[in-house]
Amino acid sequence: MGTTADQMVMKMQKAKETGADIVEIRFDCLRNLNLKPDLEILLKQSTLPTIVTYRPIWEGGQYEGDETKRQDVLRLAIELEANYVDVELEVAHDFINSIIEKKPDKFKIIVSSHNFHNTPSAEALCNLAARIQATGADIIKIATTAIYITDCMRIFQITLHIKVPTIGVAMGERGLISYLLSPKFGGYLTYGALEPVEQRTCCRCTTLGLYIRPDTKVYGIIGNPVDRSRSPLLYNAAFKEVGLNAVFVHFLVDDVKKFFDTYSSPDLVGFTYDLHLESAVLCPTRRLLLNAWMRLTPLPRSPDGRLIAFNTDYNGAISSIEDALRGL
């Protein structure tokens, strides 16, 4: 993120070169802070629209000081023509009332809520979104924590069905797809990190999500662990080369049957499988049988929604044997 204004300016330029549409200025990450000059530098030198966030420690940020002073910085950001500020649900009502008469026409307020423990039920998330909307938010942001990859579906349902512009993500390894596939499911925006260290501590996103659209077809590799697979690099490069509107992602899956029952959309069109099972797993609703220690490549979805398993690893093994035998 950068800990000085100069570092942040360089990272903002790199973000633009990488293909970002917007940058978030995390003011709580700055050290040796010189409030107004630093904020002026960051906003004037940014060549992209800006979100200014000054996250307090009680909402997962790094700011530990006086609350009034923190909100004064956000008000200053509005005066200096930031495009957005992100303010926490707990203080949003009072903050919005304090700036309502001075709010520029094109300026937007993001009101955010962070849950670092789990992802609540769909009903609870809808109620939370209603609470955020009631504060006068222009944009709703809900960030939860994914215990299982299937938790992401509840986030997708929120971004798809709420009429107010909504940012929805599920933090943690099992929530990675909520960042990558957010554009497909109606998310107002999604987040990415520029550096590998930031990717591990944040959401491990890349610019992958920048070309995903609502009609993008989704492929992926299912596994646990799965993050070391280089399949997304291979497939996404191939998709881009041939102009295919598709994306290939990692799916970190704990329960295979629950995963397929949850993600049954025809837009999730095919999978490779790299999960070492202790016993056979039968998914009768999809007519899918996975044997222990078997790799299935790929698992395409038929027009009626069934998944059809093929084992292609044997082709490589047999070809190698045949080539060796020809040399005898």
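Look up: the structure comes first, before these words.
The structure displayed is predicted, hence computed values, not measured ones. (Residues numbered from 1 in each chain as written. Predicted model: local features only at pLDDT ≥ 70, side-chain atom pairs only at ≥ 80, totals over all residues. Heavy atoms only, no water.)

Moving on, we come to the overall build of the protein. When helices and strands are tallied, the protein shows eleven helices and twelve strands. By the burial criterion, 46% of the 328 residues in the protein qualify as buried. Put simply, of all contacts in the protein between residues at least 6 apart along the chain, 65% involve residues at least 24 apart. Of the accessible surface of the protein, which amounts to about 17100 Å², a share of 53% is contributed by carbon and sulfur atoms. (Helix = DSSP H or I, 4+ residues; strand = E, 2+ residues; numbered from the N terminus. Buried < 20%, exposed > 50% of the residue type's maximum accessible area, 1.4 Å probe, protein only. Contact = heavy atoms within 4.5 Å. Areas by Shrake-Rupley, 256 points an atom, 1.4 Å probe, with all protein chains shown as cover.)

With respect to the helices, strands and loops of the structure, Ser46 is situated in the loop between α2 (35-45) and β2 (50-53). Note on Ser46: relative accessible area 13%, which makes it buried. A polar contact of 2.8 Å, which involves the side chain of Ser46, links it to the backbone oxygen of Leu48. In this structure Ser46 touches Met12 and Val23, once residues within four positions along its chain are discounted. (Polar contact = N/O pair within 3.5 Å; in protein donor to acceptor, adjacent residues only side chain to side chain.)

It is worth spelling out the pattern of salt bridges at this point. Summed over the entire model, instances satisfying the criterion amount to 16 salt bridges. Here Asp28 makes a salt bridge to Arg26, at a shortest N to O gap of 2.8 Å. Residue Asp86 pairs with Arg55 through a salt bridge whose shortest N-O separation is 2.9 Å. Highlighted residues: Asp86 in strand β3 (residues 84-88) and Arg55 in the loop between β2 and α3 (67-79), separated in sequence by 31 residues. Both residues of the pair, Asp86 and Arg55, count as buried. Overlapping salt bridges, with partners in common, bring together Arg55, Glu67, Arg70, Asp86, Glu88 and Lys141 in one network. (Salt bridge = Lys/Arg side-chain N within 4 Å of Asp/Glu carboxyl O.)

In terms of burial, strand β7 (residues 217-223) is largely enclosed, as five of its seven residues are buried. Pairing of β7 with strand β8 (residues 246-252) involves seven bridges; the strand directions are parallel. Across the sheet, the residue bridging to Ile222 is Phe251, located in β8. With helix α9 (residues 231-242) bridging β7 and the parallel β8, this β-α-β connection has right-handed handedness. (Pairing = 2+ DSSP bridges. Right-handed = clockwise from strand over helix to strand, strands pointing away.)

The next thing to look at is unusual backbone geometry. Most of the time, phi is negative for any residue but glycine, and the peptide bond is trans. For the bond from Asn224 to Pro225, the omega torsion is 5°, close enough to zero to count as cis. Residue placement: Pro225 occurs in the loop between β7 and α9. With a phi angle near 50°, Asn32 is a residue other than glycine that sits in the positive phi range. Inspection of the secondary structure assignment puts Asn32 in the loop between β1 (23-26) and α2. Judged by relative accessible area, which is 77%, Asn32 ranks as exposed.

This part takes up the side chain of Thr150. Examined against the element boundaries, Thr150 turns out to sit in the loop between β5 (139-145) and α6 (151-161). Given a relative accessible area of 8%, Thr150 falls into the buried group.

In this description, a pair of aromatic rings is defined by centroid distance and the angle of the planes. A complete count under the given rule lists 13 aromatic pairs for this structure. On the basis of an interplanar angle of 85° and a centroid distance of 5.4 Å, the ring pair of Phe27 and Tyr54 is categorised as edge-to-face. Placement of Phe27 in the loop between β1 and α2 and of Tyr54 in the loop between β2 and α3 is noted, with a sequence separation of 27 residues between them. For the residue pair Phe27 and Tyr54, the accessibility class agrees, reading buried in each case. Through a chain of ring-to-ring contacts, the aromatic side chains of Phe251, Phe259, Phe260, Tyr263 and Phe271 assemble into a single cluster. (Phe/Tyr/Trp six-rings, centres within 6.5 Å; stacked < 30°, edge-to-face > 60°.)

A few words now on the sheet that holds strand β4 (residues 108-114). In spatial order, the strands read β1-β2-β3-β4-β5-β6; together these six strands make up an open sheet with parallel pairing. Strand pairing shows two members of the sheet lacking a second neighbour, β1 and β6 (166-171), which therefore form its edges. Within this sheet the neighbouring strands show an average axis-to-axis angle of 25°, counted without direction. Two strands pair when backbone bridges link them, and β4 and β5 are joined in this way by five bridges, in the parallel orientation. If you follow Ser112 over to β5, its bridge partner there is Lys141. The strands touched by helix α4 (residues 89-99) are β3 and β4; relative to β3, the strand with the most contacts, the crossing angle is about 130°. Most of the contacts of α6 go to β6, to which it runs at about 175°, and overall it touches β5 and β6. (Axes fitted to C-alpha atoms, helices over the stretch in contact; angles between N-to-C directions.)

Within the sequence span of α4, burial applies to Leu89, Val91, Ala92, Phe95, Ile96 and Ile99. Burial along α4 is one-sided: seen end-on, the buried residues are contained in an arc of 140°. Seen from the open side of α4, the exposed residues pointing more than 90 degrees away from its buried face are Glu90 and Asp94. Packing partners of the buried residues in α4 comprise α3, β3, β4 and α5 (122-134). (Arc of directions from axis to C-beta.)

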